[in-house]
Amino acid sequence: YKVPLDPQGLLELSWNVSYPQQIVYFQILIRDLRFGLLFGMSDRGEFENADLAVLWSDGRSSYFGDAWSDGKGRLHMDSQQDYQLLRARRAPEGLYLLFRRAFSTCDPKDYVIEDGTVHLIYGILEKPVHSLQAINISAIHRGLQRVQLLKPNITVPELPSDMKTMEITAPDVVIPSQETTYWCYVAELPDSFPKHHIIMYEPVVTAGNEALVHHMEVFQCASEFDSFPHYNGPCDSKMKPERLNYCRHVLAAWAMGAQAFYYPKEAGLAFGGPGSSRYLRLEIHYHNPLVFQGRRDSSGIRLYYTATLRRYDAGIMELGLVYTPVMAIPPGEDAFVLTGYCTDKCTQLALPAAGIRIFASQLHTHLAGRKVVTVLSRDGRERQVVNADGHYSPHFQEIRMLKEVVAVFPGDELITTCTYNTEDRSHATVGGFGILEEMCVNYVHYYPQTQLELCKSAVDLGYLRRYFNLVNRFNDEEVCTCPQVSVPQQFFSVPWNTFNRDVLKSLYGFAPISVHCNKSSALRFPGEWEKQPLPIITERLREPVPHCPPTSGSQPAAPIPLNLSELQR
């Protein structure tokens, strides 16, 4: 796997994963070596409390070592050297450093490499330093890159001989000279394009823009409309036609560092044919922190499709919380948890007797999301994690193929939990579509497709009203819980003392829920879905115990001298 670390492309990271050894092999290409490099991992991309591999030079000698930074950002040599240097070699394009690191080292100063997002950090030393401790991390050129290091080891299915390709790409747009742009472009399938199966897709990134194209998605528009206006411009522009908000059905999603996405050999994603819109919307997130001007781009996604339909149509189902303001997060919270339920009653009614197979998943929250996990529960016992990201970032969303396919049967429950941080906010954050509102969603990709398109929940509104009444009775400040005031307004007027926070937390943990068990037509399956009891979980999954490599292999706490004198500028 390969990803540029910095926006200029001076540092390029490649890596391989050995699951039998539980080791990641890293290779960094430094195109323009000055006096060293910091590379490492931290909880959310901070340079404090980080786990680092450091190459540094005092102008005469060079050294490589495993280090860590404390809460003030000061560097210390690690007593256990777990970043193991394997090779340093010079090539015409720059210096290659090859080193390895176990997933888990059982060193309290080290980061545990897990399945989800990893925040990689880098820093470039532009002056000589006489020791590791002399490096001032606040004064160096530094940055952050998010990747999924532990990609699933999936065998690529054989592709059919009649496979065709279609590129949905931006039409040579000029990337705006600002840090963040979401660009929207409407493409159209040919007239009377029959039903096909998408069987794989991959990114098409314009050469030279690898560090600017952050992520891309292709959406299919709603079939209820005969036509959609053509548009090519920023997604947040006032000129964007309102109707493009109805282009929300994800066909493909790619984020930096992701490879090609393959459908399992039994299934393909249907597009074209009757009941399917001819209009597609490409959305590209450009990340241009150096504010380059005049860069042209024709990036996008290449779809591989076949007219020979596979045995099953793949489907996409939404799990988690309904988009509603009744689910809210108080301000000033470091880890507030909300949970959405796909209940046994819904799966019993909507899933076929043979069940469905989930093979991929895309987690989604807005800016306050920090962790997302979906767990499969059967007969009150948690059985399997469907997808989890303990270092989730709303700035890095991709469809991830699962390491193993998850079978879901009628009567199973799918429970999605999101953890939020609102320490930088002074008002409650309510659920909704706005970027400063919140979501908790897992889009699961599965086969065979069923009528169930959305299986989510939210707290019962009547119980929330009781909460507002209670807040009213216990607080001196008047909280307007009059029915004519909206739920967001009521949340904004709550004085957030510990009592009101704790009671809201408790309410979400016991109050009955409104379940949305919806068909693709946005109609609920027939049944009673209001005031449903929360699923009772009698047995939780055990936290995985980290596998520790034998300590005898670790080297003592001393940096490795390198003869890089001829490599200095």
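Residues numbered from 1 in each chain as written. Predicted model: local features only at pLDDT ≥ 70, side-chain atom pairs only at ≥ 80, totals over all residues. Heavy atoms only, no water.

- Going by the annotation in an unreviewed UniProt entry, the name recorded for the protein chain is Dopamine beta-hydroxylase, with Mesitornis unicolor given as the source organism.
- Quoted straight from UniProt, the Cofactor (unreviewed entry) entry for the protein chain says "Cu(2+)".
- Its UniProt record gives the protein chain a comment under Subunit (unreviewed entry), which states: "Homotetramer; composed of two disulfide-linked dimers." (UniProt positions renumbered as here; feature names shortened; annotations may be inferred.)

**Describing the overall build of the protein chain**
So, point 1. Within the protein chain, the regular secondary structure consists of 4 helices and 37 strands.
So, point 2. The C-alpha radius of gyration of the protein chain comes to 25 Å, within 12% of the 25 Å expected for a compact globule of 569 residues.
So, point 3. The C-alpha extent of the protein chain, read off along each of the three principal axes, is 75 × 65 × 50 Å.
So, point 4. Counting the 569 residues in the protein chain, one finds 55% classified as buried.
So, point 5. Counting only contacts in the protein chain whose residues sit at least 6 apart along the sequence, the fraction spanning at least 24 positions is 77%.
So, point 6. Summed over its atoms, the accessible surface of the protein chain is roughly 25500 Å², and 50% of this surface lies on carbon and sulfur atoms.
So, point 7. Between the centroid of the 53 positive side chains of the protein chain and the centroid of its 62 negative side chains there is a distance of 1 Å. (Helix = DSSP H or I, 4+ residues; strand = E, 2+ residues; numbered from the N terminus. Rg over C-alpha atoms; globule rule 2.2 N^0.38 Å. Buried < 20%, exposed > 50% of the residue type's maximum accessible area, 1.4 Å probe, protein only. Contact = heavy atoms within 4.5 Å. Areas by Shrake-Rupley, 256 points an atom, 1.4 Å probe, with all protein chains shown as cover. Lys, Arg positive; Asp, Glu negative; His and termini not counted. Charge placed at Lys NZ, Arg CZ, Asp CG, Glu CD.)

**Observations regarding the sheet that holds strand β21 (residues 279-287)**
So, point 1. Read from one edge of the open sheet, 5 strands run β17-β14-β21-β16-β18, paired in antiparallel fashion. Lying at the two open borders of the sheet, with one neighbouring strand each, are β17 (232-234) and β18 (249-255). Each neighbouring strand pair of the sheet contributes to a mean axis angle of 15°, computed without reference to strand direction.
So, point 2. The pairing of strand β16 (residues 213-220) with β18 spans 6 bridges and is antiparallel. When the bridges of β18 are listed, M216 appears paired with W254. (Pairing = 2+ DSSP bridges. Axes fitted to C-alpha atoms, helices over the stretch in contact; angles between N-to-C directions.)

**Re helix α4 (residues 498-510)**
So, point 1. Helix length check: α4, at 13 residues, gives a terminal C-alpha distance of 18 Å against a target of 18 Å (1.5 Å per residue), a fit within 8%.
So, point 2. Every buried residue of α4 is accounted for by N500, R501, L504, L507 and Y508. With its buried residues spanning 125° around the axis, α4 presents them on a single face. When the buried face of α4 is taken as reference, the exposed residues oriented beyond 90 degrees from it are T498, G509 and F510. (Expected span 1.5 Å × (residues − 1). Arc of directions from axis to C-beta.)

**Some remarks on the sheet that holds strand β2 (residues 11-18)**
So, point 1. Strand order across the open sheet formed by 5 strands is β1-β2-β3-β9-β8, with antiparallel pairing between neighbours. With one partner strand each, in any of the chains shown, β1 (2-4) and β8 (84-91) form the two edges of the open sheet. The sheet shows a mean angle of 20° between the axes of neighbouring strands, direction not considered.
So, point 2. Where strand β3 (residues 23-30) lies against strand β9 (residues 94-102), 8 bridges are found, and the strand directions are antiparallel. When the bridges of β9 are listed, L29 appears paired with Y96.

**So, the domain arrangement of the protein chain**
So, point 1. As assigned here, the protein chain comprises domain 1 (2-151), domain 2 (163-310) and domain 3 (315-460 + 514-519).
So, point 2. Put simply, the middle of domain 1 and the middle of domain 2, counted by C-alpha atoms, are 34 Å apart.
So, point 3. Residue-level contacts link 10 residues of domain 1 with 8 residues of domain 2.
So, point 4. Taken as a group, P4, P7 and K151 account for 54% of the area that domain 1 buries against domain 2, more than any other trio of residues on that side. (Domains from an automatic or database assignment. Buried area = accessible area lost by both parts, 1.4 Å probe.)

**Here we look at the pattern of salt bridges**
Pairing is possible between side chains that carry opposite charge, provided their charged atoms lie close to one another.
So, point 1. For the structure on display, the rule yields 24 salt bridges.
So, point 2. Among the charged side chains, a network of salt bridges with common partners joins K2, E12 and R31. (Salt bridge = Lys/Arg side-chain N within 4 Å of Asp/Glu carboxyl O.)

**Here we look at the pairing of strand β6 (residues 62-69)**
So, point 1. By the criterion of burial, β6 is predominantly enclosed, with 7 of the 8 residues buried.
So, point 2. Bridging between strand β5 (residues 51-57) and β6 involves 7 bridges; their strand directions are antiparallel. Bridging across to β6, D51 finds its partner in W68.
So, point 3. Between β5 and the antiparallel strand that follows it, β6, lie 4 residues; G59 among them carries a positive phi value of about 105°.
So, point 4. As judged from the 3 bridges shared by β6 and strand β7 (residues 75-77), these two strands associate in the antiparallel manner. In the sheet register, A67 faces β7, and the bridge partner there is M77.
So, point 5. Hairpin connection between β6 and β7: a loop of 5 residues separates the two successive antiparallel strands, and G73 in this loop has a positive phi of roughly 85°.

**Regarding the state of the cysteines**
So, point 1. The full count for this structure, using the stated rule, is 5 disulfides.
So, point 2. A sulfur-sulfur distance of 2.0 Å marks the disulfide that ties C418 to C440. For the disulfide bridge between C418 and C440, the dihedral angle about the S-S bond is near 85°, and by the sign convention the bridge is right-handed. One end of the pair, C418, is in strand β32 (residues 413-420); the other, C440, is in the loop between β33 (429-430) and β34 (441-447), with 22 residues separating them in the sequence.
So, point 3. Judged by its relative accessible area of 0%, C418 is buried.
So, point 4. Residue C440 is classed as buried on the basis of its relative accessible area of 0%. (Disulfide = S-S within 2.5 Å.)

**Here's the deal with the packing of aromatic side chains**
So, point 1. One pass over the structure, following the stated rule, counts 24 aromatic pairs.
So, point 2. Considering the side-chain rings of F39 and F99, the 5.9 Å spacing of their centres and the 65° angle between planes classify their relative orientation as edge-to-face. Of this pair, F39 sits in strand β4 (residues 36-42) while F99 sits in strand β9, placing them 60 residues apart in sequence. Assigned by exposure class, F39 and F99 land together as buried.
So, point 3. Look at F193 and F271: their rings are 5.3 Å apart centre to centre, the planes differ by 65°, and that puts the pair in the edge-to-face class. Within this pair, whereas F193 is found in the loop between β14 (180-188) and β15 (196-204), its partner F271 is found in strand β20 (residues 267-271), the two being separated by 78 residues in sequence. Both residues of the pair, F193 and F271, count as buried. (Phe/Tyr/Trp six-rings, centres within 6.5 Å; stacked < 30°, edge-to-face > 60°.)

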